[in-house]
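# Breakdown of the fold
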Amino acid sequence: MGDVAFINIGFYKREGRKERILKNVGRAMSMQMQMQMEMMQCCGNLWAQPHYDYGSVEVAEKEGLGSEAKVVFSVLGMTCAACAGSVEKSIKRLPGIREALVDVLNHKTHVLYYPKLLHVERIREAIEDAGFEAKAIEDDSNNISIQLCRIHIRGMTCTSCSSAIESALQSLHGVHKARVALTTEEAEVRYDPNILTHNHIMEAIQDTGFEAILISTGEHITKIELKIDGIKNDQSLNAIEHSLRALPGVETTDIYPDTNKIVITYKPYLTGPRTFIEVIESTESGCFKAVIFPNDGGREAQRQEEINRYFKLFKWSLAFTIPVFLTSMVLMYIPGVKRVLDIKVVNMLNIGLLLRCEFATPVQFIIGRRFYVGAYKAFRKGSANMDVLIALGTNAAYFYSLYVVVRAAFSRHFKGSDFFETSSMLISFILLGKYLEVLAKGKTSQAIAKLMDLTPEAATLLTHDDEGNVVSEKQIDSRLIQKNDVIKVVPGAKVASDGFVIWGQSHVNESMITGEARPVGKRKGDMVIGGTVNENGVLHVKVTRVGSESALSQIVRLVESAQMAKAPVQKLADHISKYFVPLVIVLSLSTWLSWFLAGKLHAYPKSWIPSSMNSFELALQFGISVMVIACPCALGLATPTAVMVGTGVGATQGVLIKGGQALESAHKVNCIVFDKTGTLTVGKPVVVTTKLFKKMSLKDFYEFAAAAEVNSEHPIAKAIVEHAKKIIEGEENHPWPEARDFVSISGHGVKAIVLNKEIMVGNKKMMLDHNIAISADAEEILTEAESLAQTVILVSLDKEVAGVVAVSDPLKPGAKEVISILNSMKIKSIMVTGDNWGTANSIARQAGMETVMAEAQPETKATKIKELQASGYTVAMVGDGINDSPALVAGDVGMAIGAGTDIAIEAADIVLMKSNLEDIIIAIDLANKTFSRIRLNYIWALGYNLLAIPIAAGILYPSTRFRLPPWVAGAAMAASSISVVCSSLLLKNYKRPTKLNNLEINAIKIQ
């Protein structure tokens, strides 16, 4: 249950998701094919010493069978995993086949073969012999015209910035989809590489006035930085670059001569960093030395740099603001000091006013330069953001104060008050707010940081001779690991990369990846995940996936994509932000004009005007306060910060939620449709009863049954074959008789000719369809077994029932309690299965479910979900198999069991990595908590602005004489953003529902 395979786990929005999944399955299947080939090479007998049998493929290559070829067939008639297994087995029986993989959703079969031994036509005939129509087609899986790049963006301050960048990217010809996340400060762009490059995308971002830094250029592209010593001139660099570009799999090379650094992006399944170092060090007679460039910390380093930058700005701003504050509000009340400050320099210009002007100017134009730059960039693109409000507010205060300085210097009678403390204190408080906000936002992405830190820094690389014996081992940087390396993992060490165990036995703690609390047993042929911890034995692991292909990288990428995805509720904030800043500017000018005209027209008594200012200055202060107290940032941060923390918490709980839309839909769910096999049940059927009706030995009976079923990939077929191995003298690799004319009948069973006898293995309907009589004894066994939730398989020889096999797939521990909890949450539970009605009803009774739909084909499951949606339900589908994919896509929320197929995981919105049903409740509860937090954030952000703007405009002043000075308004604005981020951070304290505390999963009480 702990093994989880992650292949091309992508993030897709609900609109058109099925079509995009189908386009990408070809690539997923191709990668899965590679994994299966490596598994084939790694599996064999368990040796006492580290000696490896690398399989027949390498032997074939050594024997001169030539290079392999690939062909893709369009296969019509496949409906489920059993069909796929039939096609795959038919092909693999042919000589000269290296690998075959069937793509059910796209009705394709990918075959790697040796042309010297086999012709394409023979493969096509084998598929048709299995009962399906086949035709060779052109492989378009390598010509996918959509590429993904991720870019870090500096300088965004609010949703207006992210919206402006997103609009600019969407307007580029060749961009299919662009998403910009304010919280992570990243853009994710899907584009056509035939039309434009990532450089064009970065230029478009820079044209909007923001700094763009490339993170990655593809879903399966890895980047590495190397430092090269020994470079003397540009010719050396050019020679190195030319040598690297000649390597297969190298995408781009970027050279930085000032630091002797070269950045290489490459496909990790074709090449790797050790190859690059060897090529560099062998260039020009070996006069160069290459090492991995010292790690700068990546995302966290950039975050820390931003935190340090804001702290430095705030520190300098505070240093200049304190003298301004003291001379205007404190020292003027100390008699001796006041006399010094009042000394005239020129006409009415005194020392205090001159000092305030000198200290406020650097704050306004040097420290506050970023606000001018941001406002200019926004104006240039015809938009307005938070920088515009700050620049206008501080400029109004500063330039009016400068006017007071000039008038005082040239007049002997002028008296006026300056607002230098307003502009400088405003900038200081805003910088403090930004510093605290960045500090808090950094904590929202700690889940990703923890995941990225799981990979160990070093690994033990093994080398072996031609016979597979280990001859040496050495410690290397884990970033130097390449595909097909063999690494040694000692007890207590972390597994450095994904792969298969080729020697040794141990238990591996996968809780940091899957959330599974118990260590998982590993032996030869089992998959291990990079970042997990080896418990008690030595393992030798053959690496299958590195870099961006690894499970850990894909989980990180999934969580990152989820955190970038906007929830539909965020559209409200985006819509408001378009009009917010212009509206605030209008309100600010209206406030100033209203108070100014009221003063000129004597609409309020003179006693309302403070002694230190006149009516114009009072109106100006009200106008500035309105401009700087309004906060679009709080609105913009309300949803993404909560989604970021919520998805991060989900990842630590073993629940991968693919974005805001999945969260929003999950919290509305009031009906859950469950698949049976592998979802409600354990998913590993076992034979519990065998009854014979012909005079033949049990061994002969299973010889026939297994010979037919060994060609099927159905779980029940596997159970029969495994049971047959135990019956037939315990032979693990017993050679079964050849099954000719094999046909898989979807949803019913299989038939074939074995030892010149026609054998059928299937359900009751299959027997009746072929006019095979079922005796009363067999009917009685059928009825009894179905009442016990067992599936009965009938075996006929030459049109006569020879025996029945009862197979049981027990209910998962805790399933009944989970259904009960869902009922208490007013969530309707429905089971939809392809199994017979008797077994389905029995399982439903055990689980406490009232509504059942049995004997359902894959398309029927999707139709049932659409019917429920039409009835007003928000439906979640929980499944694990290829045949569940259409239903997972059809549901409002698709939940895939983590140990299920990769295509099911691809189609789902939420992945339950532990395969425990209790995680469904955790996913829904977390969605409810997250969405409640989003609502609270919106209530606070909107409520703050609706309340604060009228107070800043002076609505309370006539009755209470209370007014907000601009610097206080600025502090309140900064505090509102921080409060929203801190509100979202409270989600980090999420605790699993108390209802689950006493639930027993796999006989282990979860505390």
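This one's a predicted model, so the numbers in the text were calculated from it and none came from an experiment.

### Regarding the sheet that holds strand β7 (residues 186–191)
Strand order in the open sheet made by the four strands is β6-β7-β5-β8, with antiparallel pairing throughout. Taken across any chain shown, the strands that pair with only one partner, and hence form the sheet edges, are β6 (175–181) and β8 (211–216). The mean inter-strand angle of the sheet, taken between neighbouring strand axes irrespective of direction, is 25°. Bridge count between strand β5 (residues 147–154) and β8: five bridges; the pairing is antiparallel. Among the inter-strand pairings, isoleucine 153 is bridged to a residue of β8, identified as alanine 212.

### Considering the pairing of β5
Within β5, seven of the eight residues are buried, which leaves the element mostly enclosed by the surrounding structure. For β5 and β7, the ladder comprises six bridges, and the chain directions are antiparallel. Of the residues in β7, the one forming a bridge with cysteine 149 is valine 189.

### Digging into the nonpolar core
In terms of nonpolar packing, the biggest core is built from 147 residues, with Leu169, Ile672, Phe674, Met895 and Ile910 touching the most fellow members. Counting residues per element, this core draws most heavily on helix α32 (residues 918–952), which supplies 16 residues. If we ignore the near neighbours within four places in the chain, the residues touching methionine 895 are Ala876, Met877, Val878, Gly879, Leu888, Ala908, Ile910, Leu912, Ile920, Ala923 and Ile924. Residues Ile224, Ile264, Tyr266 and Ile487 belong to the second largest nonpolar core, which totals 35 residues.

### Comments concerning a nonpolar patch on the surface
A contiguous nonpolar surface patch, about 340 Å² in accessible area, is contributed by Leu318, Ile322, Leu326, Met329 and Val330. Within the fold, methionine 329 resides in helix α9 (residues 298–329). Given a relative accessible area of 30%, methionine 329 falls into the partly exposed group.

### Remarks on α32
In this model α32 runs 50 Å from its N-terminal to its C-terminal C-alpha over 35 residues, within 8% of the 51 Å that 1.5 Å per residue would give. Phi turns positive one or two residues past the end of α32, at glycine 954, with a value near 95°.

Reading the values: rules and limits
- Residue positions within a chain follow its written sequence, with the count starting from 1.
- Given that this is a predicted model, residues contribute local features only at a pLDDT of at least 70 and side-chain atom pairs are listed and counted only at 80 or more, while totals for whole chains, interfaces and linings are drawn from all residues.
- Side-chain metrics rest on all non-hydrogen atoms present in the structure, leaving aside hydrogens and water.
- When DSSP finds two or more bridges between a pair of strands, those strands are recorded as paired.
- The way it works is that DSSP assigns letters per residue, a run of H or I at least four long becomes a helix, a run of E at least two long becomes a strand, and they are numbered from the N terminus.
- Lines fitted to the C-alpha atoms define the axes, with helices restricted to the stretch that makes contact. Angles between their N-to-C directions range from 0 to 180 degrees.
- For the exposure calls, accessible area comes from a 1.4 Å probe over protein chains only, and a residue counts as buried if that area is under 20% of its type's maximum, exposed if over 50%, partly exposed in between.
- In this text, buried Ala, Val, Leu, Ile, Met, Phe, Trp, Tyr and Cys residues form a nonpolar core when linked through side-chain atoms within 4.5 Å.
- In what follows, a contact means two residues having at least one pair of non-hydrogen atoms within 4.5 Å.
- Any residue with relative accessible area above 30% and no salt bridge may belong to a patch, with like charges joined within 9 Å and the nonpolar Val, Leu, Ile, Met, Phe, Trp and Tyr side chains within 5 Å.
- Each accessible area is a Shrake-Rupley result for a 1.4 Å probe, and residues are judged covered by the shown protein chains and nothing else.
- Whenever a carboxyl oxygen of Asp or Glu lies within 4 Å of a side-chain nitrogen of Lys or Arg, that contact is scored as a salt bridge.
- One less than the number of residues in a helix, times 1.5 Å, gives the span that helix is expected to have.

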